[in-house]
Amino acid sequence: MTDEATLVSANRCFGGRHERWRHRSRTLGCDMVFAAFLPPGAAPGAPVPVLYWLSGLTCTDENFMQKAGAQRLAAELGIAIVAPDTSPRGSGVPGDPEGAWDFGHGAGFYVDATEEPWARHYRMHDYVVNELPILVERLFPVTDRRSVSGHSMGGHGALVAALRNPGRYRSVSAFAPIANPASVPWGEKAFGRLLGPDRRRWAEWDACALIARAAERLPLLVDQGDADAFLETQLRPEALRAAAGAAGHPLTLRLQPGYDHSYFFIATFIDDHLRHHAAALAA
């Protein structure tokens, strides 16, 4: 227990520790839970860098930690992993008025909402980029060397976090990101409600638009399965490739034959992403 957070659970994991914490978020106006993996050797005198993982639609902090198989290599590389929830939650937090799964609870889209009734709570970008790292760096023996990655909606969130905040992260990667949310059904629904009808404001939260004016050229590593059911309708990696090419932004986009949108896909290639981040965090 601290003044800010309460330990929910802890487990030994590859010589380190997997912990879940609950805290009151001032940014989101509700209680939030996040998970953290601390590699062996992380201690007050021996702090380690942090990879922030942003999960996708309907997920929580638990999906990545339980399914991706990232802890083994993270322990060897000496990297902490922090996984927040995907949206604000609670009885006072509005969800989708129609009870749909692709908006509201579990679907915060990592933007800072401007429209009511969402603006009070749906500020996941500010939470992930600012409030959560401050708390993490107070609670744990970690440095201010940060990287960010994510999957699907969280891949969108990771790309936008890095592109909007030059100098904040050492590296960025994504699995099957919603690369051009302002032009696909998931994004149009979420942005229309959270940000209002003016599509010019949506561009502030769309990686394909942000690349053109990015103040920092962090190389982007993106893996995408070519058997992903959402590939053509929701993810649009070809738009990201075109935007990066037009802006001269370094992008490694790997289309993986036969892989879908699941955590089987993520678990297969997570080691490549961890090594990508480890190299940048050590530089």
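Predicted, not measured: the structure shown is a model, and the values here were computed from it.

How each quantity is defined
- Note on numbering: residues in each chain are counted from 1, in written sequence order.
- Restriction of local features to residues with pLDDT of at least 70 applies here, the model being predicted, together with a cutoff of 80 or more for giving and counting side-chain atom pairs; totals for whole chains, interfaces and linings are based on all residues.
- Only hydrogens and water are removed before side-chain values are computed, so all heavy atoms of the structure are retained for them.
- The definition of a nonpolar core used throughout is a set of buried Ala, Val, Leu, Ile, Met, Phe, Trp, Tyr and Cys residues joined through side-chain atoms within 4.5 Å.
- Here the term buried applies to any residue with accessible area under 20% of the maximum for its type, exposed to any over 50%, and partly exposed to those in between, with areas from a 1.4 Å probe on protein chains only.
- In DSSP terms, a helix is any run of H or I states spanning at least four residues, a strand is any run of E spanning at least two, and both are numbered starting from the N terminus.
- Helices are assigned an expected span. That span is 1.5 Å times one less than the residue count.
- The pairing criterion for strands is at least two bridges between them, as found by DSSP.
- Crossover handedness is defined here as right-handed if the route from the first strand over the helix to the second strand goes clockwise, with the strands pointing away from the viewer.
- Convention adopted: a line fitted to C-alpha atoms gives each axis, helices being fitted over their contacting stretch, and angles between N-to-C directions are expressed from 0 to 180 degrees.
- Note on contacts: a residue pair qualifies if any of its non-hydrogen atoms lie within 4.5 Å across the two residues.
- Definition used for salt bridges: Asp or Glu carboxyl oxygen within 4 Å of a side-chain nitrogen of Lys or Arg.

**Notes on the nonpolar core**
Then, in step 1: One finds Phe-34, Phe-64, Ile-81, Phe-109 and Leu-194 to be the most contacted residues of the largest nonpolar core, which totals 94 residues.
Then, in step 2: The element contributing the most residues to this core is helix H10 (residues 263-282), with eight residues.

**Things to note about helix H4 (residues 153-164)**
Then, in step 1: Taking 1.5 Å per residue, 12 residues should reach 16 Å; H4 reaches 16 Å between its end C-alpha atoms and fits that length.
Then, in step 2: Along H4, 11 of the 12 residues are buried, which leaves the element largely enclosed by surrounding structure.
Then, in step 3: Within the span of H4, buried status applies to Met-153, Gly-154, Gly-155, His-156, Gly-157, Ala-158, Leu-159, Val-160, Ala-161, Ala-162 and Leu-163.

**Focus on the pairing of strand E7 (residues 171-175)**
Then, in step 1: Among the five residues of E7, five are classified as buried, and the element is accordingly described as predominantly covered.
Then, in step 2: As defined by bridge partners, strand E6 (residues 142-150) adjoins E7 across two bridges and the pair is classed as parallel. Paired with Ser-147 across the bridge in E7 is Ser-171.
Then, in step 3: Handedness of the β-α-β unit built from E6, H4 and E7 comes out right-handed.
Then, in step 4: With four bridges joining them, E7 and strand E8 (residues 220-225) adopt parallel strand pairing.

**A short note on unusual backbone geometry**
Then, in step 1: The amide bond that connects Glu-116 to the next residue, Pro-117, takes the cis arrangement and shows omega of 5 degrees.
Then, in step 2: Along the chain, Pro-117 falls in the loop between strand E5 (80-84) and helix H3 (124-139).
Then, in step 3: Even without a glycine there, the phi angle at Ala-176 is positive, about 45 degrees.
Then, in step 4: Inspection of the secondary structure puts Ala-176 in the loop between E7 and helix H5 (185-195).
Then, in step 5: On the basis of relative accessibility, which here comes to 0%, the residue Ala-176 falls in the buried class.

**Structural notes on the sheet that holds strand E9 (residues 251-256)**
Then, in step 1: An order of E1-E2-E3-E5-E4-E6-E7-E8-E9 is seen for the nine strands of this open sheet, with the pairing classed as mixed. At either margin of the open sheet sits one strand with a lone partner, and together these are strand E1 (5-13) and E9. The mean angle between the axes of side-by-side strands here comes to 20 degrees, regardless of whether they run parallel or antiparallel.
Then, in step 2: Strand direction decides the pairing type here: strand E2 (residues 16-25) and strand E3 (residues 30-38), joined by nine bridges, are antiparallel. Within E3, the position partnered with Trp-21 by the bridge is Phe-34.
Then, in step 3: Here H10 sits on the sheet and contacts strand E4 (48-54), E5, E6, E7, E8 and E9; the angle it forms with E7, its principal contact strand, is near 175 degrees.

**Details of the pattern of salt bridges**
Opposite charge on two side chains lets them pair, provided their charged atoms get close.
Then, in step 1: What the rule picks out here adds up to 17 salt bridges.
Then, in step 2: Here Arg-146 makes a salt bridge to Glu-137, at a shortest N to O gap of 2.8 Å.
Then, in step 3: For Glu-137, a relative accessible area of 26% translates into the label partly exposed.
Then, in step 4: Salt bridges sharing partners connect three or more residues here, namely Asp-96, Asp-102, Lys-189 and Arg-193.

In short, the description is geometric, and any link to function would need to be established separately.
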